[in-house]
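# Residue-level structure breakdown
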Amino acid sequence: MSATTALRAAALVTLTALAGACQADGSPDAAAPAGGPTAAPTTVEPAPTTATPSPPTAANTAEVCAEVDKLIIAKSREIAADAVAATRKQLTPEQINAQVKTDLADLADDVREQAARAADPEIRTLVGRTAQQLDAGARSATPVKWLSSTFVAIPPRLARDCRA
């Protein structure tokens, strides 16, 4: 793979991950496109139940999840900007891979800090595993390829599983 192709692939992958993270933020605007059908508000009285209520969500779960989202989006933007700059500088594939490895290692450290802050053990495990995946990308022989094969799946998984 030429340096230019690697750079373009890295930029495309990070922009795709960034777009996925932005679209899967759980906001009402992300759920239905503008002008699309929306459900009419309804009032439903809860049925009496004897089931045990689910355990309360840890107080900082939403905060930790939101911070992890912000970290991934910020680092995705940085990787994309680095890819553009690398094209102008005509960096070699080895230099590009080294830059991506550094970016992924930094992101893994930041995500690991958020895992340590999580009060909910399930969220701590989820975010900790995400940091481990990022570490694996940083150790990869071809981190640009890793971005397109593994990194792009991280934001949608977190959007689905890391919520209060």
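Residues numbered from 1 in each chain as written. Predicted model: local features only at pLDDT ≥ 70, side-chain atom pairs only at ≥ 80, totals over all residues. Heavy atoms only, no water.

Here we come to unusual backbone geometry. A positive phi is found at glutamine 90, a non-glycine position, where the angle reads about 55°. The topology assignment puts glutamine 90 in the loop between helix 3 (61-89) and helix 4 (93-117). (Helix = DSSP H or I, 4+ residues; strand = E, 2+ residues; numbered from the N terminus.)

Using the criterion set out here, one finds one aromatic pair in the structure. Ring centres of tryptophan 146 and phenylalanine 151 lie 6.2 Å apart, and the angle between their planes is 45°; on these two criteria the pair is classed as tilted. Judged by its relative accessible area of 9%, tryptophan 146 falls in the buried class. (Phe/Tyr/Trp six-rings, centres within 6.5 Å; stacked < 30°, edge-to-face > 60°. Buried < 20%, exposed > 50% of the residue type's maximum accessible area, 1.4 Å probe, protein only.)

For helix 3, with 29 residues, the first-to-last C-alpha span of 41 Å sits near the 42 Å given by 1.5 Å per residue. One or two residues past the end of helix 3 sits glutamine 90, with phi positive at roughly 55°. (Expected span 1.5 Å × (residues − 1).)

Looking now at the environment of asparagine 60. Within the element layout of this structure, asparagine 60 appears in the loop between helix 2 (28-31) and helix 3. In this structure asparagine 60 comes out as buried when scored by relative accessible area, which is 14%. C-alpha of asparagine 60 to C-alpha of alanine 119: the two residues are 59 residues apart in sequence and 6.5 Å apart in space. Sequence-distant contacts of asparagine 60, that is, excluding residues within four places in its chain, are made with Arg117, Ala118 and Ala119. (Contact = heavy atoms within 4.5 Å.)

Moving on, we come to the state of the cysteines. Within this structure, the stated rule accounts for one disulfide. Put simply, cysteine 65 and cysteine 162 are joined by a disulfide, and their sulfur atoms are 2.0 Å apart. Between cysteine 65 and cysteine 162, the disulfide has an S-S torsion of -90° and is therefore left-handed. With a gap of 97 residues between them, cysteine 65 in helix 3 and cysteine 162 in the segment after helix 7 (154-161) connect regions that are remote in the sequence. Of the two residues, cysteine 65 and cysteine 162, neither departs from the other in class, the shared state being buried. (Disulfide = S-S within 2.5 Å.)

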